Amino acid sequence: MTILVTGATGFLGSYLIKNLLKDNYKVIIIVREKSKLDRIKEDLNRISIYNIDQVSLNKIFKDNHIHKIIHLATCYGRNNESNTNIVQNNLLFPLELLELASQNRVNEFYYTNTLINSFISPYALSKSQFKDWG
């Protein structure tokens, strides 16, 4: 079974892929140019990696039969990202991912939200908006 994971280089994602690999899943991850691979360096030879800054989401789905998606990637706005960038990362990117999942008959789509009230920050608002779309 093939599982696509976003946010695999983060704290939660790095532990998740280690467990998925331990359970013998085929793991595909999406990274960015600026992604730090330190947390998953010992697993790099066991996963398929796509750099989203170089490859379209369509290509990832074209190249692979994906059974499940676990979407953990997020933009908190901690590095002075613009509201547009936060919305792009937390609403538009996962929405495109969800649409492609539907078009490609992906069986399951998991997504991490936040418990923060949507009126507290652009991050919380964008996460809440995707939940509503989903």
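Being a predicted model, the structure only gives us computed values, none of them experimental. (Residues numbered from 1 in each chain as written. Predicted model: local features only at pLDDT ≥ 70, side-chain atom pairs only at ≥ 80, totals over all residues. Heavy atoms only, no water.)

Right, let's get into the environment of M1. Mapped onto the fold, M1 is located in the segment before β1 (2-6). Separated by 67 residues in sequence, M1 and K68 have C-alpha atoms that sit 8.2 Å apart. Not counting residues within four places of it along the chain, the set of residues in contact with M1 comprises Y25, K26, H67 and K68. (Helix = DSSP H or I, 4+ residues; strand = E, 2+ residues; numbered from the N terminus. Contact = heavy atoms within 4.5 Å.)

Moving on, we get to the environment of S118. Within the secondary structure layout, S118 lies in the loop between β5 (108-111) and α4 (122-133). S118 gets classed as buried once you look at its relative accessible area, which sits at 18%. Taking C-alpha positions, S118 is 27 Å from L16, a pair spaced 102 residues apart along the chain. Contacts of S118, omitting those with residues within four sequence positions, involve A124, L125 and S128. (Buried < 20%, exposed > 50% of the residue type's maximum accessible area, 1.4 Å probe, protein only.)

This part is about helix α1 (residues 11-22). For α1, built from 12 residues, the straight-helix expectation of 16 Å at 1.5 Å per residue is met to within 8% by its first-to-last C-alpha distance of 17 Å. Burial in α1 covers these residues: G13, S14, I17, L20 and L21. The arc that holds the buried residues of α1, viewed along the axis, is 125°, so those residues lie on one side. Exposed and facing more than 90 degrees away from the buried side of α1 are F11, L12 and K22. In this fold, the buried residues of α1 make contact with β1, β2 (26-31) and β4 (68-71). Taken from the residues just after α1, N24 is the one with a positive phi, measuring 65°. (Expected span 1.5 Å × (residues − 1). Arc of directions from axis to C-beta.)

The N-to-C vectors of helix α3 (residues 83-103) and α4 enclose an angle of 20°; their axes lie 9 Å apart at closest approach. Taken together, α3 and α4 sit at an angle that is classed as roughly parallel. Of the two possible hands of crossing, α3 and α4 adopt the one that is right-handed. Here N83, I86, V87, N90, L91, P94, L95 and L98 of α3 come into contact with α4, specifically with P122, Y123, S126, K127, Q129, F130 and W133. Among the residues forming the contact of α3 with α4, the class breakdown is 10 nonpolar, four polar and one charged. (Axes fitted to C-alpha atoms, helices over the stretch in contact; angles between N-to-C directions. Parallel < 35°, antiparallel > 145°, perpendicular 65-115°, else oblique. Left-handed = near helix turned anticlockwise from the far one by under 90°. Nonpolar A, V, L, I, M, F, W, Y, C, P; charged D, E, K, R; others polar.)

By themselves these figures say nothing about function.
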